[in-house]
Amino acid sequence: MLDLKIIRDNPSFITESISLKGDKTDIGSIVEFDRRRRNILEEVESLRALRNKVSEEISISKKNGEDTEDKITDMRELSQKIKAVEVSLRETESHLNEEMLRIPNIPHESVPKGKDSSDNKFVREWMEKPKYEFELKDHLELGEALGLLDFKRASKLSGSGFPLYMGSGAKLERSLINFMLDVQTEENGYKEVFPPFLVSRESALTTGQLPKFEDDMYKTSLEDLFLIPTAEVPVTNIHRDEILSAEELPISYAAYSACFRREAGSYGKDTHGFLRVHQFNKVELVKFCEPENSYEELEKIVSNAEEILKRLELHYRVVELSTGELSFAAAKCYDIEVWAPGEEKYLEVSSCSNFEAFQARRGNIRYRKSDGKIDFVHTLNGSGLATSRLMVALLETHQTEEGTVHLPEALIPYFGGSIIKNDSG
């Protein structure tokens, strides 16, 4: 959520900033609701002051033995009027809050301006694209030939878009998750948490999934709970409605979770195999920090995510997203895209974002500065990494002419071997 004072003082700046994200929300309605709210609040305070005055007059009159019947009648009328105005105030505040929740975060001034991915800025890459002297298989062919994946049976269980890992495929998935968690917790200073996979509406509001993206989430009808699209949602809410101390910051969490996304409206895009699934696994990195350090912490998260790909010996590139590509809640974002030689394309395996105070304001996550003043923290998160597309790149990059997969050294202790063969399941 944006600072209402900034919207009030400079609505044209907000309108121009959110338009860079392709958002055309009318800021004028927020300004009007805010004006109305302040006017009603002023009226309420005036009526309360008058009621206090009348109450005091009644008290004095009673002490003096004077008739107070008229004043008591006035008091009752004032109380009724105050109740009516308070109802109007609550309704106006509710409308204002609803409008505020639909306004996206504004891009940081350093973000390249643009409408789509063609305007993203290349930052760096690691390794060269691998070359092969044999005909490559894609991850689906490899997975089926080696008995790692069974999408046909998965569709029988849950419908299309859900994976079923088998044998060494299940073991490889578990190995990747454990490897990534160990690197982040044992080497990069993150504290591991294992969050719930279902969250309340309030939690999804904090991180910006609601109200705008409710159609993209799986929801339970009885308890009004949502299956998480990423561990960012529960982990960011760990400190909702709390006041942290400056000495605690930065706080860094690493969390594994399954992730669930309906992705309504995504039909017609690449959907085979792991390229677009409704359930996948991910290790998420989440940070809470002081505002002046948040962009330094963003660079650290990107570096921490990159380290995983380096150790898995995969070619990747880092791009800075243009304004038109930024998510609803992000002020700045880097995508890490890994090369999948069987697909002959780059696949996004990590998005690392700084939300500044946007999520913290929605979730009331604050900290006490060294001078005693209270302010909102900045929140950040990054995928470290999503295993579905990572699995695509890993299998396709490290395949051999014999149809096996030779695992990178970093995974061998976790998997218990270096070769995935067709008899390994």
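Use the structure listed above.
For the structure given in this document, a descriptive report is provided here. Here the structure is a predicted model, which means the values were calculated and not measured.

1. Thoughts on the pairing of strand β8 (residues 279–289)
- Here β8 lies mainly inside the structure; 10 of its 11 residues are buried.
- Direction of pairing for strand β7 (residues 251–260) relative to β8: antiparallel, over a ladder of 10 bridges. Paired with isoleucine 251 across the bridge in β8 is phenylalanine 288.
- Bridge count between β8 and strand β14 (residues 378–386): seven bridges; the pairing is antiparallel. When the sheet's bridge partners are listed, phenylalanine 288 is paired in β14 with threonine 379.

2. Some details on the sheet that holds strand β13 (residues 374–376)
- The strand order across the open sheet built from three strands is β6-β12-β13, with neighbouring strands paired in mixed fashion. Every other strand in the sheet has two partners, leaving β6 (243–245) and β13 as the edge strands with one partner each. Each adjacent strand pair in this sheet contributes to an overall mean axis angle of 40°, direction not counted.
- When strand β12 (residues 366–368) meets β13, the two strands line up antiparallel, connected through three bridges. Each residue of the ladder has a partner; that of arginine 366, found in β13, is phenylalanine 376.

3. Overview of unusual backbone geometry
- Cis peptide bonds are those with omega within 30 degrees of zero, and the linkage from leucine 210 to proline 211 qualifies with 5°.
- If you trace the backbone, proline 211 turns up in the loop between α8 (201–207) and β4 (219–220).
- Across the junction of leucine 249 and proline 250, the peptide omega takes the value 0°, indicating a cis bond.
- With respect to the helices, strands and loops of the structure, proline 250 is situated in the loop between β6 and β7.
- Notably, glutamate 313 is not glycine yet its phi reads approximately 60°, a positive angle.
- With respect to the helices and strands, glutamate 313 occurs in the loop between α10 (294–311) and β9 (316–320).
- Accessibility expressed as a relative area gives 36% for glutamate 313, which makes it partly exposed.

4. Details of the packing of aromatic side chains
- The final tally for this structure, using the stated rule, is 12 aromatic pairs.
- Seen from their ring centres, phenylalanine 194 and tyrosine 256 are 6.1 Å apart, and the 25° between their planes marks the pair as stacked. A residue pair is termed long-range when its members are at least 10 positions apart, and phenylalanine 194 in the loop between β2 (191–193) and β3 (198–200) and tyrosine 256 in strand β7 qualify at 62 residues.
- Aromatic side chains tryptophan 339 and tyrosine 346 sit 5.0 Å apart centroid to centroid with 65° between the ring planes, which places their arrangement in the edge-to-face category. Note on accessibility: tryptophan 339 and tyrosine 346 belong to one class, buried.
- Counting every residue linked through ring pairs, the aromatic cluster contains Phe151, Tyr165 and Phe274.
- Its guanidinium or amino end placed over the ring of tyrosine 346, arginine 317 lies 3.8 Å from that ring's centre, counting from NZ or CZ.

Rules used throughout
Residues numbered from 1 in each chain as written. Predicted model: local features only at pLDDT ≥ 70, side-chain atom pairs only at ≥ 80, totals over all residues. Heavy atoms only, no water. Buried < 20%, exposed > 50% of the residue type's maximum accessible area, 1.4 Å probe, protein only. Helix = DSSP H or I, 4+ residues; strand = E, 2+ residues; numbered from the N terminus. Pairing = 2+ DSSP bridges. Axes fitted to C-alpha atoms, helices over the stretch in contact; angles between N-to-C directions. Phe/Tyr/Trp six-rings, centres within 6.5 Å; stacked < 30°, edge-to-face > 60°. Lys NZ or Arg CZ within 6 Å of the ring centre and 35° of its normal.

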